[in-house]
Amino acid sequence: TFDRLYSKIGFMLDPYYITAFGPRELTADHLREIAPDRFETCEYYQRYFSATRMVDELGATIRLDETSAIHLSIGRSEGARRFRAAEVRYFKLLALVTMRKLRALCHESPMPSAGPAPDLTERFRVLSDSGARLLTKREAQVAALIVRGHSSRAVGLKLGISDLTVKVHRRNMYRKLRISSQNELFSFIVDRA
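The following paragraphs examine the structure supplied in this document. On a predicted model such as this, the values are computed, not experimentally measured, just so you know.

### Looking at the packing of helix α6 (residues 120-128) against helix α10 (residues 182-191)
Put simply, α6 and α10 touch, their axes get as near as 10 Å, and they point 85° apart. As the angle between them shows, α6 and α10 are arranged roughly perpendicular. Touching Leu120, Arg123, Phe124, Leu127 and Ser128 of α6 are Leu185, Phe188 and Ile189, all from α10. For the contact of α6 with α10, the residue count by class is six nonpolar, one polar and one charged.

So, in structure tokens, the structure goes:
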């Protein structure tokens, strides 16, 4: 699953990847703290995350530069309980030290950079130009957020637009891509990765 899906497109949908290149240089989060509001119902979760058979995850990231970051993940598999609040707090304390040490080790033995991280919004725009009508920038932003697991309400809040406006963009985007559901939207981006 990792080789087939995650390395092609899944990383762009991963809440930890998104957080790694956000405003904070060092992060340590429980998946529930950073996942979109409808994460467990989105296609990424259904097709990829659930295939990992993890029921819970803690992750820490630290940026090396504008295009590279280190991610440390600890997960609980099916049959295990979710992480308790005390375990989450302990992980966050350990991450502060561990991630800085990992970054120092990487700077001592630098790895080649993969170049700028691909942008999911831009990927939707480029892919929509091959066969379908080109999505507007806003439609591509809506598409990227929906595929990551955000509800229409959450998309509206993130973009500063109303729920109704999100629904209009969603309807237009679906028409241009010749699809009719979130499942098909996920397949559209995965099949072209």
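Still more ground to cover, so stick around.
### Brief notes about unusual backbone geometry
One non-glycine residue, Arg53, lies in the positive phi region at around 65°. With respect to the element layout, Arg53 can be found in the loop between α4 (43-47) and β2 (54-63). When its relative accessible area of 53% is taken as the criterion, Arg53 is described as exposed. Its identity is not glycine, yet Arg178 carries a phi of approximately 60°, on the positive side. Secondary-structure assignment places Arg178 in the loop between α9 (163-177) and α10. Relative accessible area serves as the criterion here: at 61%, Arg178 is assigned to the exposed category.

### Overview of the pairing of β2
Burial of β2 is extensive: eight of the ten residues sit out of reach of the surface. Pairing of strand β1 (residues 26-30) with β2, which is carried by five bridges, proceeds in the antiparallel orientation. Bridging from a neighbouring strand, His30 pairs with Leu58 of β2. Bridge analysis of β2 against strand β3 (residues 69-77) gives nine bridges, and the strand direction is antiparallel. Bridge pairing links Gly59 to Ser73 in β3.

Definitions and limits used
- Residue positions are given per chain, counting from 1 as you read along its sequence in written order.
- Residue-level local features of this predicted model are given only where pLDDT is at least 70; pairs of side-chain atoms are given and counted only at 80 or more, and the full residue set underlies all totals for whole chains, interfaces and linings.
- Values shown for side chains rest on all heavy atoms present in the structure; no hydrogens or waters enter the calculation.
- In this description, a line fitted to the C-alpha atoms serves as the axis of each element, helices being fitted only across the stretch in contact, and the angle between N-to-C directions of two axes falls anywhere from 0 to 180 degrees.
- Helix and strand definitions follow DSSP, with helices as H or I runs of at least four residues and strands as E runs of at least two, each counted in order from the N terminus.
- Put simply, angles under 35 degrees are roughly parallel, angles over 145 are roughly antiparallel, angles from 65 to 115 are roughly perpendicular, and the rest are oblique.
- Two residues form a contact once any of their heavy atoms are found within 4.5 Å.
- Residues are grouped as follows: Ala, Val, Leu, Ile, Met, Phe, Trp, Tyr, Cys and Pro are nonpolar; Asp, Glu, Lys and Arg are charged; all remaining types, including Gly, are polar.
- Burial status follows relative accessibility: with a 1.4 Å probe on protein chains alone, a residue under 20% of its type maximum counts as buried, one over 50% as exposed, and anything between as partly exposed.
- The rule for pairing is simple: two strands pair if DSSP sees at least two bridges between them.

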